[in-house]
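So the chains spell out like this:
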Amino acid sequence: MNLKIALLPGDGIGPEVTAQAVKCLQAVEENFGHRFRFTEAPIGAVAIQRSGNPLPDNTLKLCKQSDAILFGAIGDPRYDNDPDARIRPEQGLLQLRHELGLFSNIRPIKVFPTIMDLSPLKKHVLTGTDMVIYRELTGGIYFGDKKLSDDGSRALDTCEYSEHEISRIAHLAFKAAKNRRKKLTMVDKANVLETSRLWRKVVGRIGESYPEVQLEFMYIDNAAMQMVLNPSQFDVMLTENMFGDLLSDVGSALGGSIGLLPSASVGEKYAMFEPIHGSYPQAKGKNIANPIASILSAAMMMEHFGLKEETRAIVIAVYQAMKNHIVTPDLEPKSKYSTEHVGEFIANKVVDSDELFNINKENIGLGKSTII
Ligand code: IPM
Ligand code: MN
């Protein structure tokens, strides 16, 4: 397969982790006979510094001309602590999601058995956790009207959803549930919000055409609590933009490290893959950031193009690194392995499939129950 892949490494540790994911994709290229063409472009704080624009025209153009986008991270402390900053790195990412119509953000939450001890939760609570969050990504309060009064003493953010925006992601979530454990939890605040009541109505109606999927509704406050008390009850979770942002961070903490979780943002025409973690500026340039979330995002990219063996090869290679303790210090504080070491090891394992003998390949895939 020929693929044009846009690389947007962005800020903080983005470039370091993205470089490791690229190594793994190159290993896939060699091992499976594909041709991937990588082109890099600036976004976020890096782009503001260079051109004053967090999403330069050429970056957007490159994304529109590519088959897929691999995104690193966005954000810089210089802007975080300045509420008056008119231009912010995050605007680049939000505009990109909007311009490319990436309405569906898919975030699988899994717990890796080898690092369960790192989790803030007890092992018996955690066991069996394997869920996917479908977060609406181009609507709601993120993109509604915003206002600040002239005297700066009142502000307004509007949350708006249309039936169309709800139904297109709902169908994706139901289809995912159908291929998994057949349970869909729709999370909202329908006891308070009009938009949530619309979500319930639309999702309930769509649910009738997926009779094999058990649909339940849960309020956001309860869902946040349930994810901590009993995370294994969830299979597919469907929710709006802001709630999905909050719950996916809760989910990322369950496994003990935010450095492991990938995501895909998918629209009708374009698809972008990025780690859930942020730019982690404290670790920038230190070669200590965990590259696994970025590498698994590359695996999700392979899965998106239907390349099942390739996806498995990357996921198994990650599993091998963890099993062999070739991990960054966030997972094992005494580890002497760097971002590059871990990336190198995993990329080599993608090429070398000798160690696959005792693994049940059928269970390996990012959207399904996996060995990890
Ligand atoms: C995420 C991030 C973004 C979001 C920020 C960087 C705008 O937190 O992808 O979850 O809020 O969507
Ligand atoms: Mn977030």
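Owing to the predicted nature of the structure, the values given are computational and were not obtained by experimental measurement.

Caption draft 1: Highlighting the packing of helix 1 (residues 14-32) against helix 11 (residues 292-304). Direction vectors running N to C along helix 1 and helix 11 enclose 40 degrees, while the axes themselves pass 8 Å from each other. As far as their axial angle goes, helix 11 and helix 1 are oblique. Our pair here, helix 1 against helix 11, has a crossing hand that is right-handed. Seen from helix 1, the contacting residues are Val17, Thr18, Gln20, Ala21, Cys24, Leu25 and Val28; seen from helix 11, they are Ser294, Ile295, Ala298, Met301 and Met302. Tallied by class, the residues present in the contact of helix 1 with helix 11 amount to nine nonpolar, three polar and no charged.

Caption draft 2: Expanded view of the packing of helix 7 (residues 163-178) against helix 8 (residues 194-207). Relative to each other, helix 7 and helix 8 sit at 45 degrees, their axes nearing to 9 Å. Considering their axes alone, helix 7 and helix 8 lie oblique with respect to each other. Relative to helix 8, the crossing made by helix 7 is right-handed. On the side of helix 7, the interface is formed by Glu163, Ile166, Ser167, Ile169, Ala170, His171 and Phe174, while helix 8 contributes Leu198, Trp199, Val202, Val203, Arg205, Ile206 and Gly207. Each residue belonging to the contact of helix 7 with helix 8 can be placed in one class, and the counts come to nine nonpolar, three polar and two charged.

Caption draft 3: Layout of the site of ligand 1. Contacts to ligand 1 come from Ile74, Glu90, Arg97, Arg107, Arg135, Tyr142 and Asp245. At a separation of 2.9 Å, an oxygen atom of ligand 1 approaches a polar side-chain atom of Arg107. Within the side chain of Asp245, an N or O atom sits 2.9 Å from an oxygen atom of ligand 1. Burial of ligand 1 by the surrounding chains reaches 77%, relative to a free accessible area of 320 Å². Because more than half of its atoms lie within 2 Å of the grid, ligand 1 is assigned to the second largest pocket. Partitioning the shell around ligand 1 into residue classes produces two nonpolar, no polar and five charged.

Caption draft 4: Structural detail: the packing of aromatic side chains. In the structure shown here, the tally under the stated rule is two aromatic pairs. For the ring pair Tyr161 and Trp199, a centre distance of 5.2 Å and an interplane angle of 85 degrees mean the geometry is edge-to-face. Of this pair, Tyr161 sits in the loop between strand 7 (155-157) and helix 7 while Trp199 sits in helix 8, and the two are 38 residues apart along the sequence. Trp199 carries the same exposure label as Tyr161, and that label is buried.

Caption draft 5: Highlighting the pattern of salt bridges. This structure, assessed with the given rule, holds 16 salt bridges. Residue Glu344 pairs with Lys23 through a salt bridge whose shortest N-O separation is 2.9 Å. One end of the pair, Glu344, is in helix 13 (residues 339-351); the other, Lys23, is in helix 1, with 321 residues separating them in the sequence. Three or more residues joined by partner-sharing salt bridges are found here, namely Asp130, Arg180, Arg181 and Asp235.

Caption draft 6: Expanded view of the nonpolar core. Residues Leu70, Tyr134, Leu238, Met302, Met322 and Ile346 are the most contacted members of the largest nonpolar core, which totals 65 residues. Counting residues per element, this core draws most heavily on helix 11, at eight residues. Not counting chain neighbours up to four residues away, the residues in contact with Tyr134 comprise Ser104, Asn105, Ile106, Ile169, Leu172, Ala173, Ala176, Val236, Met237, Leu238 and Thr239. Formed by 20 residues, the second largest nonpolar core is a distinct cluster that contains Val111, Val125, Phe243 and Ile276.

Caption draft 7: Representation of the pairing of strand 12 (residues 271-275) in the model. Of all the five residues making up strand 12, five are buried; the element is thus mostly covered by neighbouring parts of the structure. Relative to strand 12, strand 11 (residues 262-266) runs antiparallel, the two sharing five bridges. Bridge assignment links Ala264 to a residue of strand 12, and that residue is Phe273. Turn length for the strand 11-strand 12 hairpin, with the two strands adjacent in sequence and antiparallel, is four residues.

Caption draft 8: Spotlight on helix 5 (residues 89-99). Turning to helix 5, its buried residues number three or more, namely Pro89, Gly92, Leu93, Leu96 and Arg97. For helix 5, the angular spread of the buried residues around the axis is 130 degrees, confining them to a single face. After helix 5 finishes, the residue Gly101 shows a positive phi value of roughly 65 degrees.

Caption draft 9: Main features of the environment of Gln233. Tracing the sequence through the fold places Gln233 in the loop between helix 9 (220-229) and strand 10 (236-239). In this structure Gln233 comes out as buried when scored by relative accessible area, which is 19%. Taking C-alpha positions, Gln233 is 8.7 Å from Met131, a pair spaced 102 residues apart along the chain. At 3.1 Å, the side chain of Gln233 and the backbone oxygen of Asn230 are in polar contact.

What counts as what
Residues numbered from 1 in each chain as written. Chains lettered and ligands numbered in written order. Predicted model: local features only at pLDDT ≥ 70, side-chain atom pairs only at ≥ 80, totals over all residues. Heavy atoms only, no water. Axes fitted to C-alpha atoms, helices over the stretch in contact; angles between N-to-C directions. Helix = DSSP H or I, 4+ residues; strand = E, 2+ residues; numbered from the N terminus. Parallel < 35°, antiparallel > 145°, perpendicular 65-115°, else oblique. Left-handed = near helix turned anticlockwise from the far one by under 90°. Contact = heavy atoms within 4.5 Å. Nonpolar A, V, L, I, M, F, W, Y, C, P; charged D, E, K, R; others polar. Near = heavy atom within 4 Å. Polar contact = N/O pair within 3.5 Å; in protein donor to acceptor, adjacent residues only side chain to side chain. Areas by Shrake-Rupley, 256 points an atom, 1.4 Å probe, with all protein chains shown as cover. 1 Å grid on protein atoms, 1.4 Å probe; cavity = no way out; pocket = protein on both sides within 12 Å on 5 of 7 lines; lining within 4 Å. Sits in = over half its atoms within 2 Å of the grid points. Phe/Tyr/Trp six-rings, centres within 6.5 Å; stacked < 30°, edge-to-face > 60°. Buried < 20%, exposed > 50% of the residue type's maximum accessible area, 1.4 Å probe, protein only. Salt bridge = Lys/Arg side-chain N within 4 Å of Asp/Glu carboxyl O. Core = buried A, V, L, I, M, F, W, Y, C linked by side-chain atoms within 4.5 Å. Pairing = 2+ DSSP bridges. Arc of directions from axis to C-beta.

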